[in-house]
Amino acid sequence: MARDLTIRPLGRPKVSKDNQAGFNTLVRKYVAQGPRASKAGIEDANNPLFLPVGSVDEEFTDYKLVDQSIEPSQSSMDKAYVNRTFVDLRERWVSESITQTPDLTKINRKFVVLRGQNDTYGYSASAWAKHPSNATVKNNSEDPWDYIPAQVSLGRPATNSIDLSNSADDGLTYTPYVSISGTSQSFADYLTSEVSTADMGTWLPGKASVQMSSPGLDMWDVEWVTHGKPYWTFGTTSQRGGSKSQAMTIVDFDHLGLKLSTVGGSGSSSTSAVKAKTYNFFIVASELPESVAQVAGGSGSSGGSSPSVNLDFHIQGYEGRGWTFKQFIKNAVWTINTTENLSFPTYGGSLKTVGSKDPYIMKFNHGPFEAGVGYVGGGKFANVDGSNLPMFQGAIISNIGGQITWTGTQLNLTSNGTQVSNIVSTKINPIHSYETTKIWKVQIAYVG
C-alpha cells in the first residue's frame, strides 16, 4: 500500500497508563498538508483525514481511535496539526458496586463503550441502528436497554442458586400445613415438590443510563436486580403495605366466655405465648405459577388475604338476664378447625350441647333448653332446680341462638388426629419488574 505523504507523524506517541476512566490512552500528533485539513480533505471518501471511530492504531493494535482534532499552524496556511486519541478498552466493566436488602440485591456496573459499530468494543449493527446519535428514525418509546452494547449485556451476573428447603425451619409448635384441592401436606413438602425454582435467582435489568459527552465513547451505567434467599420472620403480613407486622387475633369461645389472643403485631406485646411467623420467598415470572397461587389462596396477580371472624349470637339467661355478641374482628382466626360440637356444663354437673360446628361456622341451634318438670317457657321456670340447663360464666341459661363464622383457623386436625398449623394470611406483591417479567414477593403467615 502506498504511503500517504500528505500526513506524517510528529515524534513518538504519548501513552498514559490506566487513567480514572478505566482504560489506557495513546495520543498521536501529525502534521498534514493544508488542503488535507479542509472540509473536502476531512470528508474525502477515499482517503478521509478523520478516520472512523474504532480504527486500530498502526503500532499499538489493541488501541482503538476515539477522538481526533485539527489545530491550525500559527506560521503557515500550508500545514495543520492533527491529533488522534486511541484507548485500550476493556471488554468488561470498569467499576462495580452492590447493595443488598433481605428482599433485593442490586449490582451496579459501569462500562466504557466505543460509540460506533464494533461487535467487541462498541455496538452490534442492530444496536447501532437504534443509537440516538446514529438512528435515522428516532423512536421515543425506546430506552437504553433497547440498544445496549454486547459487552454490557455480557456483564449480567450469573443466576443465583435458590432452593426452598429452609421452609421446614419454621420453629413453630405445630407443623405448618397446606390444603390444596382437598389434599393436605406439610408446607415445606409442598413447596419443595410443587414450586419450581428454575427461574429463581434470575437477574433482571434495572436502571440504565448512558453518557455521550465524551468524544467517541459512551459511558454506560447499568443495574441488575435479583431477589434475596427465602427467609422466615416473626410476625404476620401487613395488608396495608410496608414492612410492619399486623397483629393477628386468635378467637375462641366456650362456657367461660369469649377469648381473644393477639400475636404478631409490630411494637406491641402479645397476650399469648403462641408465635406468629411468616415465610418470605420470591418468584420470577410474568404471572404467578398456579402452584404458588393455590398455596397463597389467590390467582396469578398481586394482592393477599386477611382472615376475619364474625360474632353474631345472643345468650338468654335465667330470669331475663342476657348476653349479646355482635362483633366483626379483622385479621382474626378461629382457634381450631374441627367438627366437634360445643358443649356447656349444666347446673347438675353434666354436659349439654349448645352449638354445632362445621369447618367455618358455629351454629347455636340447640335451644331453647328444657329443664324438665315445671318448665313453662319464655326463659322462666317454676319450682324446678334447673339441673339440666347449661351454664355460661356461672349462670344458668335457657337459650342461645345465632352463629359464629370465620374465614380461617389457627390449627387443623389431620386424618390421624395430629394438630397442625393453617395458613392465616398471605400477601403477594411485585417488588421489581422489567417489561412483563416481575419479581414477586410471596408471604405466607402461620400462627402456632
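Quick caveat, the model's predicted, so the values are computed rather than measured.

**Student:** Tell me about the pairing of strand E21 (residues 351-358), and please be specific about residues and values.
**Tutor:** Bridge count between strand E20 (residues 342-345) and E21: four bridges; the pairing is antiparallel. The residue of E21 that forms the bridge with Pro345 is Leu351. The antiparallel hairpin formed by E20 and E21 contains five residues in its connecting segment, where Gly349 sits at a positive phi of about 100°. Relative to strand E22 (residues 361-364), E21 runs antiparallel, the two being bridged by three bridges.

**Student:** For helix H4 (residues 187-194), give the residues involved together with the corresponding values.
**Tutor:** Among the residues making up H4, those that are buried are Phe187, Ala188, Tyr190 and Leu191. All buried residues of H4 project into a common sector of 165° when viewed along the axis, lining one side. Buried-residue contacts for H4 involve strand E8 (177-180), strand E9 (183-186), strand E12 (231-234), strand E15 (276-285), helix H5 (290-295) and strand E30 (437-447).

**Student:** Tell me about the sheet that holds strand E6 (residues 95-100), and name the residues and values.
**Tutor:** With antiparallel pairing, four strands are arranged side by side in an open sheet as E6-E7-E11-E10. Unpaired on one side and paired on the other, E6 and strand E10 (204-211) mark the two borders of the sheet. Sheet twist, expressed as the average angle between the axes of neighbouring strands with direction ignored, equals 15°. Sheet analysis places E10 next to strand E11 (residues 217-227), joined by six bridges and oriented antiparallel. When the bridges of E11 are listed, Gln211 appears paired with Met219.

Rules and cut-offs
Residues numbered from 1 in each chain as written. Predicted model: local features only at pLDDT ≥ 70, side-chain atom pairs only at ≥ 80, totals over all residues. Heavy atoms only, no water. Pairing = 2+ DSSP bridges. Helix = DSSP H or I, 4+ residues; strand = E, 2+ residues; numbered from the N terminus. Buried < 20%, exposed > 50% of the residue type's maximum accessible area, 1.4 Å probe, protein only. Arc of directions from axis to C-beta. Contact = heavy atoms within 4.5 Å. Axes fitted to C-alpha atoms, helices over the stretch in contact; angles between N-to-C directions.

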